[in-house]
Amino acid sequence: MDLIGKKKFDFVKNRRIAYIISAVIIMVGLVSIIFQGFNFGIDFAGGTLIQINFSEPVSTAEVRRVLGDFNLGQSTIQNLSGSEFVIRTERIDIEKRKEILSSFEENLSELEILRVETVGPVIGENLKKLALYALLFAFVGIILYITVRFEFKFSIASILALFHDCMIVLGIFSLLGKEITIPLIAAILTIIGYSLNNTIVILDRLRENIKFKTRETFENLINFSINQSLSRTINTALTTILPILALYFFGGNILSDFALALFLGMIAGTYSSIFIASPLLLEWNKIFKVQQKGIRITEKKGRK
Amino acid sequence: MNWNRTLRVASIFIVIIIAIFLSSPINEKINLGLDLQGGSHIILECVDTPNAPVDNDAVNRVLEIIRNRIDQLGVSEPVIQRQGANRILVQLPGVEDPEAAVEIIGKTALLEFKDEAGITQLTGAHLLNAKTNFDQFSRPIVLIEFDKIGAKEFGDATKSNVGKVLAITLDGKEISTPVVQEPILDGKAQITGKFTVESANHLAILLRAGALPVQVEILENRSVGPTLGRDSITKGIKAGIVGLILILTFMLIYYKGFGLVADFALVVCILLIVGALAGLKATLTLPGIAGMILTIGMAVDANILIFERIKEELRLEKTFRASIDAGFSKAFRTIFDANVTTLIAALALFYFGSGPIKGFAVTLSIGILASMFTAIVVTRIVLELAATKFSSKALV
């Protein structure tokens, strides 16, 4: 087999560019997270969400004016279509909700209540804790699994790549002021589980190549493994992104942020599988001065 | 075709038939979550007040009274559960007006009769019955009837307040301020407030079921109206179909004959997922639909891994049959590892999950298992059969 001939792109040589791109995106996100923080949705912050559909087109300003009569002028108002609104306020009880809704009907137009969600602060705190536990559980579970199946340094590289993906999604969500909701946590957990798929495909290749091609340098093996798996990495990512795009454009407003998070996560995950995870193994070897030479193994018969 | 292979083909068909059988007719066999069929999810907490401290007995009585109220609302298959020491979970699938339901459930509904000095003369504790009717101006009214003790108390109260106002209050709010014309001794009275038919009916329900012994607070309430639920289903199906068509087309264009095999496996996979959802009586939620759509994308991944491996083996000039065997055995471990990690994440979600997200975790897990099965079993047998009829050139 001709290693060099098959090599199309030198990922190892260009890895610093990839590191810089990732670092910049993560830093921007991190700055936003630190200074702007997260826009916690009512799931975590507590509050009330009302989704209504007026029978006639109504402007956001009109809705805000009516809310102002109830000292709720600062509420988040999202206009989904000419007549459909999602309103996020502090927590209000049913009596006040009734007053507000009848005031809408008197001042603006007839309406239909599509959705009402109220979450108290106790539940919100509780959910925050649960979300954190779930994320921890997933991270620890995956580290353990990868460590058992691969080497420890493989699991470190995968986890760093995972961390990279999550930070990018969270950073962009903070930057865009998108709400942190329970479905977003579900999306992050899915990204954690899925983003590993591509990393595993490449690392698996590397593991195989380390066994059989002991005369190559580690740099070449990494490059070779990434290039060898490149078309499947891109295709599997593409087939997963296609339905996510369908979900984003056709799945309705309740799922659109969820789909957006998955989309960002898949892009970041694919990128990190190719450009970050495997090259990190090289850094590990350099830092800990590991000589990746292995035992000389003659290549299998039938493989030329 | 050898016997072993015939057996495998037969068992796949049996699995598919079982899945179809379990899931048809589909609109009856799939449980829809509250977010899809409309309904309310409410968590109540009994809170201590100086007058009414919460104890175990009080929580049980609250549970009982709320159950009575919900029964009278006519909700089919409600869930009313105690959660921990002081909390009560209420789920009302399919209620037309979730806000009204929430209002009825959370009210203390303490009926009081107060004299002009604002002193409580008696409460609704000794009510026998309450029902709606209309007065001579056909305005809705609520007729109440006291039991023996109540009738005596009510008689005393009206006797000492003749010619004066005896205000009727619910949870401290005045609903009517009638002037007592003469003592009422038969224990029957009518409440004439500014009722609509609906509000009179709700008051009657509350009075019949009785007042809650302690104050309750609504900690969490998620209500979806039936319109949005239906809308979510329509949009979910649309997104699913668009996603499916995109993938089927992509696979066909990029992988040609192999793509056709993957497309077949994908359709089988979807049938299995739906069958498993129905068979396990799992609840399909909106995030659950998202999970299914996501799985559609993930399901072909395993096929792509396998095909790429087979292509590589073919490049080494192995026979088609040998390439299939080598491709599967080399891809298997990767497919397995990759899916286990997603399953770990799904498991974390399941434990974390409140209702809708649990639905996501369930469909995702079922989807992963179904896609592994179809890739490793269905795709393989189809390829093996293809290898007996075609050369590898026809597929690649």
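Computed from a prediction, not measured in an experiment: that's the story for all the values here.

1. Side note on the domain arrangement of chain B
And then number 1: Here the domain parsing of chain B yields domain 1 (3-33 + 225-395) and domain 2 (39-223).
And then number 2: With centres defined by C-alpha atoms, the gap from domain 1 of chain B to domain 2 of chain B works out at 53 Å.

2. A few points about the domain arrangement of chain A
And then number 1: Domain annotation of chain A identifies domain 1 (3-40 + 123-287) and domain 2 (47-119).
And then number 2: Here domain 1 of chain A and domain 2 of chain A have C-alpha centroids that lie 39 Å from each other.

3. Remarks on the sheet that holds strand β7 (residues 127-134) of chain B
All names here are of chain B.
And then number 1: Spatially, the 3 strands line up as an open sheet ordered β7-β8-β11, and their pairing is antiparallel. Each edge of the open sheet carries a strand with a single partner, namely β7 and β11 (188-191). Shown here is a sheet whose adjacent strand axes are inclined to one another by a mean of 25°, direction ignored.
And then number 2: Bridge count between β7 and strand β8 (residues 140-146): 7 bridges; the pairing is antiparallel. Note on β8: the bridge partner recorded for Lys131 is Leu143.
And then number 3: Each of β7 and β8 touches helix α7 (residues 197-209); the most contacted strand, β7, lies at about 170° to it.

4. A word on the packing of helix α6 (residues 121-149) of chain A against helix α7 (residues 152-176) of chain A
Residue and element names in this part refer to chain A.
And then number 1: Closest axis-to-axis distance for the α6/α7 pair is 7 Å, and the angle between their directions is 145°. Handedness of the crossing formed by α6 with α7: right-handed. On α7, the residues that touch Ile143, Ile146 and Thr147 of α6 are Phe152, Phe154, Ser155, Ser158 and Ile159.

5. Here's the deal with the pairing of strand β3 (residues 79-83) of chain B
All names here are of chain B.
And then number 1: Sheet topology places β3 next to strand β4 (residues 87-93); 5 bridges connect them, and they run antiparallel. If you follow Ile80 over to β4, its bridge partner there is Val90.
And then number 2: Where β3 folds back on β4, the antiparallel hairpin that results is connected by 3 residues, among which Gly84 adopts a positive phi of roughly 70°.

About the thresholds
Residues numbered from 1 in each chain as written. Chains lettered and ligands numbered in written order. Predicted model: local features only at pLDDT ≥ 70, side-chain atom pairs only at ≥ 80, totals over all residues. Domains from an automatic or database assignment. Pairing = 2+ DSSP bridges. Helix = DSSP H or I, 4+ residues; strand = E, 2+ residues; numbered from the N terminus. Axes fitted to C-alpha atoms, helices over the stretch in contact; angles between N-to-C directions. Contact = placed C-beta atoms within 7 Å. Left-handed = near helix turned anticlockwise from the far one by under 90°.

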